[in-house]
Amino acid sequence: MKRCKVCRKKPRVERRVNAEGVLFCSNDCYETYGKKVGHPMDDLNHPYIDDYEMIRLDYIRWANDLEDQLYGEWVFGAPRKVDLIENINELLEEYIDYIGLEGSDGLFSQEIYDYTQQFEAMIATIRTWEPNSKELTRRRQIKEERLANEE
Ligand SMILES: [Zn+2]
């Protein structure tokens, strides 16, 4: 796996690329590199840059929150799995053109397409997901303790 150009860590959920395909683990490393070397012009005015940044942020948010969201139905009664899947499908509708392109129109189109595939994988995960009983107990206890503290 390729590593971050700046810190050499393996990029994870917050990975990003610039228009030249240089890889970063996070916005922080991207900005550090930008200050030293400068950002490529296309990072500012590429026609796909806004969509790239938007789907990247959506992906980070979903990837980081997914487990909490999934336990939500079991601990709080919401959101339900079907609602999570519907929300993702609504989000993907915004990127229908990129899904059609299958990444064939340059780096950012490829990145955006990859995110749409990650979201599809997330939907598959949601469909088959089952809570871990220990973790569920832990989360229910936290909820009850919070409720008790509020009284
Ligand atoms: Zn880094």
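In this text the structure is predicted, and so the values were computed from the model without any measurement. (Residues numbered from 1 in each chain as written. Predicted model: local features only at pLDDT ≥ 70, side-chain atom pairs only at ≥ 80, totals over all residues.)

Peer 1: Help me understand the overall build of the protein, please; the structure alone is not making it clear to me.
Peer 2: Secondary structure summary: the protein contains seven helices and two strands in total. Listing every helix and strand of the protein by position from the N terminus yields β-β-α-α-α-α-α-α-α. Taken against the 2.2 N^0.38 rule, which gives 15 Å for 151 residues, the C-alpha radius of gyration of the protein at 19 Å runs more than 25% over that of a compact globule. Expressed along its principal axes, the backbone C-alpha trace of the protein runs to roughly 55 × 35 × 30 Å. Out of the 151 residues in the protein, the part that is buried amounts to 14%. (Helix = DSSP H or I, 4+ residues; strand = E, 2+ residues; numbered from the N terminus. Rg over C-alpha atoms; globule rule 2.2 N^0.38 Å. Buried ≥ 20, exposed ≤ 12 C-beta atoms within 10 Å, placed from the backbone.)

Peer 1: How should I be thinking about the packing of helix H4 (residues 81–93) against helix H6 (residues 107–128) in this particular structure?
Peer 2: A pair of packed helices is characterised by two quantities: the angle between their axes and the separation of those axes. Packing of H4 against H6 brings their axes to within 10 Å, and their N-to-C directions diverge by 170°. Classified by the angle their axes make, H4 and H6 are roughly antiparallel. With respect to the hand of their crossing, H4 and H6 are arranged in left-handed fashion. Residues Lys-81, Leu-84, Ile-85, Ile-88, Leu-91 and Leu-92 of H4 form the contact with H6, whose participating residues are Thr-116, Phe-119, Met-122, Ile-123 and Ile-126. When its residues are assigned to classes, the contact of H4 with H6 shows nine nonpolar, one polar and one charged. (Axes fitted to C-alpha atoms, helices over the stretch in contact; angles between N-to-C directions. Parallel < 35°, antiparallel > 145°, perpendicular 65-115°, else oblique. Left-handed = near helix turned anticlockwise from the far one by under 90°. Contact = placed C-beta atoms within 7 Å. Nonpolar A, V, L, I, M, F, W, Y, C, P; charged D, E, K, R; others polar.)

Peer 1: Explain unusual backbone geometry to me, please; I cannot follow it from the model alone.
Peer 2: For residues that are not glycine, phi is negative in most cases, and the peptide bond is trans in most cases. Here the residue pair Ala-78 and Pro-79 is connected by a cis peptide bond, since its omega of -5° sits within 30 degrees of zero. Position of Pro-79 among the secondary structure elements: in the loop between helix H3 (49–76) and H4. Even without being glycine, Arg-8 reaches a positive phi, approximately 70°. A positive phi angle, close to 50°, is found at Glu-102, a residue other than glycine. Tracing the chain through its elements places Glu-102 in the loop between helix H5 (96–101) and H6. Take Glu-102: there are 12 C-beta atoms within 10 Å of it, and that puts it in the exposed class.

Peer 1: In this structure, what is going on with the domain arrangement of the protein? I would like to understand it.
Peer 2: Interface size, as often reported, equals the accessible area lost upon joining of the parts. When the domains of the protein are assigned, the result is domain 1 (1–43) and domain 2 (46–150). Between domain 1 and domain 2, the C-alpha centre-to-centre distance is 23 Å. Counting residues at the interface gives eight residues for domain 1, matched by eight residues for domain 2. Within the residue set of the side of domain 1 that touches domain 2, elements represented by two or more residues are strand E1 (16–17) and helix H2 (42–45). In terms of residue class, the side of domain 1 that touches domain 2 is built from three nonpolar, one polar and four charged. (Domains from an automatic or database assignment.)

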